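Residue-level listing of the chains:
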Amino acid sequence: FNFISSWFVYGDVSLPAKEDCYCRPTGFYSITKKAAEDLIISFSKTFGIDYRILRLCNVLGPFDQGASAKKNAITYMIDLLKKDEDVFLYNSGTPTRDIMHVEDVCSAIDIVCSKGELNGIYNIGSGNPTTISYVIETAKNLLNSSSNIYSKSPPDFHKIVQVENFWMDTSKLKQLGFVQTISINSIIQELCHQ
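Residues numbered from 1 in each chain as written. Predicted model: local features only at pLDDT ≥ 70, side-chain atom pairs only at ≥ 80, totals over all residues. Heavy atoms only, no water.

Here we look at the overall build of the protein
(1) Moving on: Summing up its helical and strand segments, the protein has seven helices and nine strands in all.
(2) Moving on: Against the globule reference of 16 Å for 194 residues, the protein gives a C-alpha radius of gyration of 17 Å, in line with a compact fold.
(3) Moving on: Summarising its shape, the C-alpha atoms of the protein cover approximately 60 × 35 × 30 Å along the three principal directions.
(4) Moving on: Long-range contacts, defined as pairs at least 24 residues apart, comprise 83% of the intrachain contacts of the protein with a sequence gap of at least 6. (Helix = DSSP H or I, 4+ residues; strand = E, 2+ residues; numbered from the N terminus. Rg over C-alpha atoms; globule rule 2.2 N^0.38 Å. Contact = heavy atoms within 4.5 Å.)

Here's the deal with the nonpolar core
(1) Moving on: Ranked by size, the top nonpolar core spans 22 residues in total, and within it Tyr10, Met100, Val112, Ile124 and Phe166 carry the most contacts.
(2) Moving on: Only β2 (52–56), α3 (102–115) and β7 (120–124) provide two or more residues apiece to this core.
(3) Moving on: Sort the elements by how many residues they give to this core and α3 lands first, with four residues.
(4) Moving on: If near-sequence neighbours (up to four positions away) are discounted, Met100 is found in contact with Cys57, Asn58, Val59, Leu60, Val105, Ala108, Ile124, Gly125, Ser126, Phe178, Gln180 and Ile187.
(5) Moving on: Ile74, Ile99, Val135 and Ala139 belong to the second largest nonpolar core, which has 18 residues in total. (Core = buried A, V, L, I, M, F, W, Y, C linked by side-chain atoms within 4.5 Å. Buried < 20%, exposed > 50% of the residue type's maximum accessible area, 1.4 Å probe, protein only.)

Here we look at a nonpolar patch on the surface
(1) Moving on: Side chains of Phe1, Phe43, Phe47 and Ile49 sit close together on the surface and give an oily, nonpolar patch of about 440 Å² of accessible area.
(2) Moving on: With respect to the secondary-structure elements, Phe1 resides in the segment before β1 (2–6).
(3) Moving on: Judged by relative accessible area, which is 55%, Phe1 ranks as exposed. (Patch = residues over 30% accessible without salt bridge, like charges linked within 9 Å, V, L, I, M, F, W, Y side chains within 5 Å. Areas by Shrake-Rupley, 256 points an atom, 1.4 Å probe, with all protein chains shown as cover. Salt bridge = Lys/Arg side-chain N within 4 Å of Asp/Glu carboxyl O.)

Brief notes about the pattern of salt bridges
(1) Moving on: Across all of its chains, the model carries three salt bridges by this definition.
(2) Moving on: Of the charged contacts in the structure, one is a salt bridge between Arg55 and Glu37, with a shortest N-O distance of 2.6 Å. One end of the pair, Arg55, is in strand β2; the other, Glu37, is in helix α1 (residues 28–47), with 18 residues separating them in the sequence.
(3) Moving on: The exposure class of Glu37 is buried, given its relative accessible area of 1%.
(4) Moving on: With a shortest N-O distance of 3.5 Å, Lys82 and Asp79 are connected by a salt bridge. Separated by three residues within a single helix, Lys82 and Asp79 lie in helix α2 (residues 73–82), roughly one turn from each other.

Overview of the packing of aromatic side chains
(1) Moving on: The final tally for this structure, using the stated rule, is six aromatic pairs.
(2) Moving on: Ring plane angle 90° and centroid distance 5.4 Å describe the contact between Phe8 and Tyr29, whose orientation is recorded as edge-to-face. In this pair, Phe8 is assigned in the loop between β1 and α1 and Tyr29 in helix α1, connecting sequence segments 21 residues apart.
(3) Moving on: Taking the relative accessible area as the measure of exposure, Tyr29 reaches 47% and is therefore partly exposed.
(4) Moving on: Aromatic ring contacts, followed pair by pair, group Trp7, Phe8, Tyr10, Tyr29 and Phe166 into a single cluster.
(5) Moving on: For the cation-ring pair, Arg55 lies above Tyr10, with the distance from its terminal atom to the ring centre recorded as 4.7 Å. (Phe/Tyr/Trp six-rings, centres within 6.5 Å; stacked < 30°, edge-to-face > 60°. Lys NZ or Arg CZ within 6 Å of the ring centre and 35° of its normal.)

Here it is as structure tokens:
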């Protein structure tokens, strides 16, 4: 059983987040993802079923129809830049994320499912921190957008349910032979020109 989970399960941990660190999720989404992981592990041990947990980073790629300020916000903000609309970044865009292209994520999942150790957890990510401001400023320049970029404080709700900075240790994934093929700059360029 291979379960797709999320980086959200980690919560506020030492970075880069390693698979064996103690998770401290906050917020409904992250807590339910961690609960699902725990249920799968318990069920698998109880009934003798092998499992893997795959914790995905921020996944970006073209044709995301559901992007909004609350879901896939980076894609949403790039779409605002395309329309020359103003963009508001929490804390001037200084928060970091581990970002990878959907094609690389799919390749990583395939490698873990075919070569990965059973009954374990794998981080699926680039292993690199990227600031949100870097993504948005790069996109603005590529698009020659006349959008204004403003800073704002995150709402209290956001401060509770999400950590400010995050990236993963991807050593286990790389030991399986995974190599990321699409750079952050290529991801940004693709999102600008889709």
